[in-house]
Amino acid sequence: MTIPEQLTEKLLLALSKVGVEVPEPSRIQVKTADDLRYGDYQSTVAMMLAKPAGKNPRDLATSLMEALDVADLAEVTIAGPGFLNFTLTSETWSSLAKAQWQDENHAVQTVADPQTIVIDFSAPNVAKPMHIGHIRSTIIGECLGRVASRLGHKVIKDNHIGDWGTQFGMVTWAWKKGVNEARLETEPLQELLRLYRSATDACKEDESIKDACREELVALQSGNAENLAIWNRCLALSKKGLNEIYDRLDVSFDHWLGESAYNDALAPLAEKLESQGLARDDDGALCVFSDDSVKPKSDPFKVNRDGEWQDFPMIVRKKDGAFNYATTDIATVEFRANEFKADKVWIVVDVRQGGHFKQLFEVSRRLGYDQLDLVHVAFGTILGKDGKPLKTRSGDLPQLADVLDDAVTAARSVIGEKSHLDTEEEKDALAELIGVNSIKFTELSHHRMSDYVFDLEKMVALEGDTAPYLFYSYVRARSIFRKLEEGTVDKLDAEQLAITEAAEIHLVRMLTRFGDNVGVVIDDFRPNLLATYLLELARSFHSFFEACPVLKSEGATRESRLILCDLTSRVIKDGLNLLGIPVPERM
Ligand code: ARG
């Protein structure tokens, strides 16, 4: 039982002792205090129950304080109109630190009802390199996956790549005009991008090329052997290039079920939608319309044009017989429900696709998948320093690989000035780790819906809310043990833990909040809560380290402080790992 749970239980006992009836025991809670000056935990129960019990809240609080049997856990005081405040005792802090230190999970609790969760993230459109916009999905999705598994859920990470769309018509057209085979081997993504761009440029100049590209796509989708062979090679090369980036980012998938995986399901799906009356013909196209069950404002199949509500159907088969993003997505939902037996599906995609997902989720519900919890985990835009969506000088979206390289260069110059490492190789490896992970941490420390300015210098700085600051905190906590004999940590004796100084208490207070801050990440898909928590933990560690000498202290005090250094470093490492970020051992 956690401390607030124990305090709540004792509070319920006290209430019955003083003869106050509790109509809804589940509403009696002891919560983390907002302001530490009033203690560690707080309850408003006296204010809540005084009136029905015919008492004055402060009097009720006083009798509860007398009836409470919590001396072994906390001191109780009363504040204001009748708040009950609990300040944990030194012994309680010591035993909390001991339990967490002895637990390899650092007191992160697993859930009572594990679910099967499919996480759909990254999902770049193949044959175009991944751009910076895909970074948000990739990094957020990986973090959600790690946290959900840690909490005990069964997680299935699926990279739903766009591998069947119009871009293949373009690439195939340009490929046939002349592909650079040598470059395809050395820089596959760059060569594919060149092909794609040469086709888009050609289309701009000559309308007939657009048709030629479309014909290449039709040929591919109707099984033309030459086009299929080109497509297969594009796919293999793209995957190779993408995997290099995923390796760098430390991101992995259980499946790569892209759009093309659902080809065979599309025609029968459209027929089913039609025969069940869920979709109907509209000028040659097959569409899903509103069923008028909700107000137009919240109807995903209505749109307001010039002050008037009009139909906004979801097209599932185009006039020319082709299927689209909507059709594959419905088939994907069915597959995940039926084959993966998913309880939840989290789709991590740009907020601008919100309308599509509202329609998709409603169609899924009408198809009978109402038990499946479908969530669009939306995110905003990365901005340049001018406050506009980030672009390169030539006006293109920056390529992710280039951005990573720039970050590594920026990290390398910071390291050059400050590092204690000896060799250039070690410094290069550290620069790679800091560069890539600074971008990841910056992403995860912002609320996913907020647009943020991409500022490399700030991201790689040692001071500030950055990954390097956390790395430095970790290395500082570990460096103590390098000065001691090998195996010191194993010999530390938790029985001697005595948490007494204010800075020690505050550090343990922060450490014990780890579990809550992990759990909360998947409640509303907010890795930033864990990221911010880790920064705060690191700050409390530095305050402790400045206030409390470790190696110069003696006996139980030294033992306790060494345990706190070890525990802090482990929690920082564990927390960063849940964000998808590895730590350096030296800097
Ligand atoms: N390929 C899409 C894009 O880059 C994202 C796909 C997300 N997943 C999905 N099931 N729609 O915009």
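Quick look at the structure, then. Predicted model only: the values in this text are computed from it and were never measured.

## Regarding the overall build of the chain
Looking only at helices and strands, one finds 22 helices and 15 strands in the chain. Across its three principal directions, the C-alpha atoms of the chain cover 85 × 70 × 40 Å. The proportion of buried residues among the 587 residues of the chain is 51%. Across the chain, every contact between residues at least 6 apart in sequence was considered, and the portion connecting residues at least 24 apart equals 73%. Of the roughly 27500 Å² of accessible surface on the chain, 49% is carried by carbon and sulfur atoms. Of the side chains in the chain, 68 bear a positive and 93 a negative charge, and the two mean positions are spaced by 3 Å.

## Quick word on the site of the ligand
Residues in contact with the ligand, as listed here, are Asp-120, Ala-123, Asn-125, His-134, His-160, Tyr-325, Asp-329, Ile-347, Val-349, Gln-353 and Phe-357. Separating a nitrogen atom of the ligand from a backbone N or O atom of Ala-123 is a distance of 2.9 Å. Asn-125 places a polar side-chain atom, nitrogen or oxygen, 2.8 Å from a nitrogen atom of the ligand. Considering only residue class, the shell around the ligand consists of 5 nonpolar, 4 polar and 2 charged.

## Focus on the packing of helix H17 (residues 467-482) against helix H21 (residues 527-547)
Interhelical geometry of H17 versus H21 gives an angle of 40° and a closest axis separation of 10 Å. Here H17 is positioned oblique relative to H21, judged by the angle of their axes. Here H17 and H21 pass one another in a crossing that is left-handed. Judged by residue contacts, Tyr-469, Leu-470, Tyr-472, Ser-473, Arg-476, Ala-477 and Ile-480 of H17 engage Leu-534, Leu-535, Ala-538, Arg-539, Phe-541, His-542, Phe-545 and Glu-546 from H21.

## Thoughts on helix H3 (residues 57-67)
Of the residues making up H3, those classed as buried are Leu-60, Ala-61, Leu-64 and Ala-67. Projected down its long axis, H3 shows its buried positions confined to an angular sector of 125°, all on one face. Structurally, H3 contributes buried residues whose contacts are with helix H1 (3-17), helix H2 (45-49), strand S3 (74-79) and strand S4 (83-88). One side-chain oxygen at the N-terminal end of H3 lies 2.8 Å from the backbone nitrogen of Arg-58; it belongs to Asn-56.

## Focus: the environment of Leu-511
Along the chain, Leu-511 falls in helix H19 (residues 502-512). For Leu-511, a relative accessible area of 0% puts it in the buried group. Residues Leu-511 and Ser-95, spaced 416 residues apart in sequence, show a C-alpha to C-alpha distance of 13 Å. Leave out the neighbours within four places in its chain, and Leu-511 touches Gln-100, Tyr-533, Leu-537, Leu-564, Leu-567, Thr-568 and Val-571.

## Some remarks on the sheet that holds strand S12 (residues 344-350)
Strands sit in the order S6-S5-S12-S13 across an open sheet of 4 strands; the sheet is parallel. Every interior strand has two partners, whereas the edge strands, strand S6 (154-158) and strand S13 (373-379), have only one. This sheet shows a mean twist of 20° between the axes of neighbouring strands, independent of strand direction. Direction of pairing for S12 relative to S13: parallel, over a ladder of 7 bridges. Across the sheet, the residue bridging to Trp-346 is Val-375, located in S13.

## A word on the side chain of His-153
Counting through the fold element by element, His-153 comes out in the loop between helix H5 (133-150) and S6. Only 3.0 Å separates the side chain of His-153 from the backbone nitrogen of Gln-115, close enough to count as a polar contact. Not counting chain neighbours up to four residues away, the residues in contact with His-153 comprise Val-111, Asp-113, Pro-114, Gln-115, Ile-117, Ala-148 and Ile-522.

## Brief notes about unusual backbone geometry
The phi dihedral of Asp-306 falls on the positive side, at around 50°, and the residue is not glycine. Exposure remark for Asp-306: the relative accessible area of 82% places this residue in the exposed category. Even without a glycine there, the phi angle at Lys-341 is positive, about 50°. As for its position among the elements, Lys-341 is in the loop between helix H12 (325-338) and S12.

## A few points about the nonpolar core
Residues Leu-144, Trp-346, Leu-576 and Leu-579 are the most contacted members of the largest nonpolar core, which totals 128 residues. Counting residues per element, this core draws most heavily on helix H22 (residues 555-579), at 10 residues. Leu-269, Ala-270, Phe-301 and Val-349 belong to the second largest nonpolar core, which has 32 residues in total.

## Digging into the side chain of Lys-302
Relative to the assigned elements, Lys-302 resides in strand S9 (residues 302-305). Of the polar contacts made by the side chain of Lys-302, one reaches the side chain of Asp-311; its length is 3.4 Å. In this structure, Lys-302 is in contact with Ser-290, Asp-292, Pro-296, Trp-309, Gln-310, Asp-311 and Phe-312, ignoring residues within four places of it in sequence.

## A closer look at the packing of aromatic side chains
Evaluation of the coordinates by the stated rule reveals 13 aromatic pairs. Here Phe-541 and Phe-544 contribute two aromatic rings whose centre-to-centre distance is 6.0 Å and whose plane-to-plane angle is 40°, an arrangement assigned as tilted. In this pair, Phe-541 and Phe-544 both sit in helix H21, 3 residues apart, roughly one turn of the helix. For Phe-541, a relative accessible area of 0% puts it in the buried group. Classification of Phe-544 as buried rests on a relative accessible area of 0%. Three or more aromatic residues link up through ring pairs in this structure, and these residues are Phe-121, Tyr-246, Phe-253 and Trp-256. One cation-aromatic arrangement involves Arg-280 over Phe-289; the distance from NZ or CZ to the ring centre is 3.9 Å.

What counts and what doesn't
- Residues numbered from 1 in each chain as written.
- Predicted model: local features only at pLDDT ≥ 70, side-chain atom pairs only at ≥ 80, totals over all residues.
- Heavy atoms only, no water.
- Helix = DSSP H or I, 4+ residues; strand = E, 2+ residues; numbered from the N terminus.
- Buried < 20%, exposed > 50% of the residue type's maximum accessible area, 1.4 Å probe, protein only.
- Contact = heavy atoms within 4.5 Å.
- Areas by Shrake-Rupley, 256 points an atom, 1.4 Å probe, with all protein chains shown as cover.
- Lys, Arg positive; Asp, Glu negative; His and termini not counted.
- Charge placed at Lys NZ, Arg CZ, Asp CG, Glu CD.
- Near = heavy atom within 4 Å.
- Polar contact = N/O pair within 3.5 Å; in protein donor to acceptor, adjacent residues only side chain to side chain.
- Nonpolar A, V, L, I, M, F, W, Y, C, P; charged D, E, K, R; others polar.
- Axes fitted to C-alpha atoms, helices over the stretch in contact; angles between N-to-C directions.
- Parallel < 35°, antiparallel > 145°, perpendicular 65-115°, else oblique.
- Left-handed = near helix turned anticlockwise from the far one by under 90°.
- Arc of directions from axis to C-beta.
- Pairing = 2+ DSSP bridges.
- Core = buried A, V, L, I, M, F, W, Y, C linked by side-chain atoms within 4.5 Å.
- Phe/Tyr/Trp six-rings, centres within 6.5 Å; stacked < 30°, edge-to-face > 60°.
- Lys NZ or Arg CZ within 6 Å of the ring centre and 35° of its normal.

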